[in-house]
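Read off the chains here:
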Amino acid sequence: MTLIETSTSWVPRTWIGAPAPGGLALPAAQPTGSHLYAPRGVWLDDGLLVVADSGNHRVMVWHGVPDEDEAPADVVLGQPDATSEGPGAAGRGPERGMHLPCGVFVHDGRLVVCDSWHHRILIWDDVPRSSDVAPDVILGQVDASSTLENRGAGTSATGLYWPYGAAVVDGWFWVADTGNRRVLGWDGLPGPDDEPDVVLGQPDADGRDENRGGEAAADSFRWPHDIAGDADRLLVADAGNHRALGWAPRPDRDGPAGWAMGQNDLTTATEFPYAPQTAAGFRFPYAIDLDGDHLVVADTANNRVLWWEGIPQRTGAPADGVLGQPDLTANGENRWDRVDRDTLCWPYGISLHGARLAVADSGNNRVMVWERR
């Protein structure tokens, strides 16, 4: 395999969020329409950029992917305006507010937001073109004002606990129900009280033990955090076990994954917190995405994004390239130097679309849009 050099294949083009005077990127003292605070989720296509501005408890929408640094968002959701902050829409309540939103995506014109610390999924039937719009559908709670984990009761088929990631894969709606250590799947878009068709990672809809109460296994999770896939496979970033699990074909019932990335086998969960790193090891991979035959993983605590040319389907497959580090052995925050356009500090969310890759560079309070030459 040939290492993809970031200097020749990928170029960081657009910087959205906090500037870095003196090489340190800090959030604005008061929110603005241009700056971000610890963004954890991002999604882009040809005509949209959506960012979960997690520290400001809001979602920002750009209609048209910006091509200028620090471009202001067109739409702010979760707050009454671009200068307000705080969970629950600046004290107005959860009907239009958010608490630490994370995963975001758009599918068939619908905007989906993981309102993680309100323990729910928010869905807009159309991507809003004006700010402070309430969602059309809420999953995981009994109504728009409720915010308790698992609907204020025990673990069940319809409750959620810290849902950090979601995706639509080949018509199936999947949720990484992180606090319940499971992944839920529906055949189609669910309604608020629809029970999932598949529960992965637990023996039933009432369980929530880490790794099913034992050690890491091929059918267990510690912190499932993000989901990707296509018609042939399903991939889950199991951040707490420092790995991603893969199923092929897509599972239609609970069962073991076929392979793991980030570990040498399906039963270990080793963390390697010190350099040198390897092309096959992960440390808290919080995000995963694929487009066609290209796969990317946000190897968050190693401060890098790993890239595969072709989707591996064997355990321990090494990456083909790296973004954010000079090579596949380094893992320093901003390369142990100043913030620059091609450095990373805790990349938390990623979105791959053709020749563009958006990275929610959480520790640097920004989103960088990269382009492949």
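Residues numbered from 1 in each chain as written. Predicted model: local features only at pLDDT ≥ 70, side-chain atom pairs only at ≥ 80, totals over all residues. Heavy atoms only, no water.

### Things to note about the environment of A71
- Counting through the fold element by element, A71 comes out in the loop between β4 (58–63) and β5 (75–77).
- Note: C-alpha distance between A71 and G17 (54 residues apart in sequence) is 8.1 Å.
- Excluding its chain neighbours within four sequence positions, the residues that come into contact with A71 are I16, G33, S34, W62 and P66. (Helix = DSSP H or I, 4+ residues; strand = E, 2+ residues; numbered from the N terminus. Contact = heavy atoms within 4.5 Å.)

### Examining the side chain of N302
- The residue N302 is located in the loop between β19 (294–299) and β20 (304–309) in this model.
- You can call N302 buried: its relative accessible area is 0%.
- At 3.2 Å, the side chain of N302 and the side chain of N331 are in polar contact.
- Leave out the neighbours within four places in its chain, and N302 touches F272, Q277, G281, F282, R283, Q325, A330 and N331. (Buried < 20%, exposed > 50% of the residue type's maximum accessible area, 1.4 Å probe, protein only. Polar contact = N/O pair within 3.5 Å; in protein donor to acceptor, adjacent residues only side chain to side chain.)

### Quick look at the packing of aromatic side chains
- With the rule as written, the count across this model stands at 11 aromatic pairs.
- Every member of this aromatic cluster is reached through a ring pair, and the members are W223, F284, Y286 and Y348.
- In this structure, R366 is placed above the aromatic ring of W15, and the distance from its NZ or CZ to the ring centre is 4.4 Å. (Phe/Tyr/Trp six-rings, centres within 6.5 Å; stacked < 30°, edge-to-face > 60°. Lys NZ or Arg CZ within 6 Å of the ring centre and 35° of its normal.)

### Concerning the pattern of salt bridges
- Throughout the structure, instances matching the rule amount to 23 salt bridges.
- A salt bridge links D132 to R96; the nearest nitrogen and oxygen atoms lie 4.0 Å apart. Of this pair, D132 sits in the loop between β8 (120–124) and β9 (137–139) while R96 sits in the loop between α2 (87–91) and β6 (101–107), and the two are 36 residues apart along the sequence.
- Residue classification places D132 among the buried residues on the basis of a relative accessible area of 17%.
- Looking at R96, the relative accessible area reads 39%, which means it is partly exposed. (Salt bridge = Lys/Arg side-chain N within 4 Å of Asp/Glu carboxyl O.)

### Section: empty space enclosed by the protein
- Considering all chains together, one arrives at 1 cavity of 30 Å³ or more under this definition.
- Estimated volume of the largest cavity: approximately 80 Å³.
- L139, G140, T158, W186 and D194 are the residues nearest the centre of the largest cavity, which is lined by 15 residues in total.
- When contributions to the lining of the largest cavity are tallied by element, the ones reaching two or more residues are β11 (172–177) and β12 (182–187). (1 Å grid on protein atoms, 1.4 Å probe; cavity = no way out; pocket = protein on both sides within 12 Å on 5 of 7 lines; lining within 4 Å. Points joined across faces, edges and corners; volume = space filled by probe spheres on them.)

### Re the sheet that holds β4
- Taken in spatial order, the 4 strands of this open sheet run β2-β3-β4-β5, and their pairing is antiparallel. Sheet topology places β2 (41–44) and β5 at the edges, where each strand pairs with a single neighbour. The sheet shows a mean angle of 15° between the axes of neighbouring strands, direction not considered.
- Strand direction decides the pairing type here: β2 and strand β3 (residues 48–53), joined by 4 bridges, are antiparallel. By the bridge assignment for β3, V42 is matched with V51. (Pairing = 2+ DSSP bridges. Axes fitted to C-alpha atoms, helices over the stretch in contact; angles between N-to-C directions.)

### Some points on a negative patch on the surface
- Together, D187, D194, E195 and D197 make up a region of like negative charge exposed at the surface.
- With respect to the element layout, E195 can be found in the loop between β12 and β13 (198–200). (Patch = residues over 30% accessible without salt bridge, like charges linked within 9 Å, V, L, I, M, F, W, Y side chains within 5 Å. Areas by Shrake-Rupley, 256 points an atom, 1.4 Å probe, with all protein chains shown as cover. Lys, Arg positive; Asp, Glu negative; His and termini not counted. Charge placed at Lys NZ, Arg CZ, Asp CG, Glu CD.)

### Details of the layout of surface pockets
- The volume enclosed by the largest pocket comes to roughly 660 Å³.
- Lining the largest pocket are 38 residues, with W43, F105, A167, I227 and D289 sitting closest to its centre.
- Sorting the residues of the lining of the largest pocket by element identifies β2, β6, β10 (163–169), β14 (224–230), β18 (285–291) and β22 (347–353) as the ones contributing at least two each.
- Residues that form the lining of the largest pocket fall into these classes: 22 nonpolar, 9 polar and 7 charged. (Nonpolar A, V, L, I, M, F, W, Y, C, P; charged D, E, K, R; others polar.)

### A few points about the pairing of β20
- The buried fraction of β20 amounts to 5 of the 6 residues, a majority that puts the element mostly inside the structure.
- As defined by bridge partners, β19 adjoins β20 across 6 bridges and the pair is classed as antiparallel. In the sheet register, D299 faces β20, and the bridge partner there is R304.
- Between β19 and β20, which pair antiparallel and follow one another directly, the connecting turn spans 4 residues, one of which, N303, has a positive phi of 55°.
- Pairing of β20 with strand β21 (residues 321–323) involves 3 bridges; the strand directions are antiparallel. Its bridge partner lying in β21, W307 is registered against G321.

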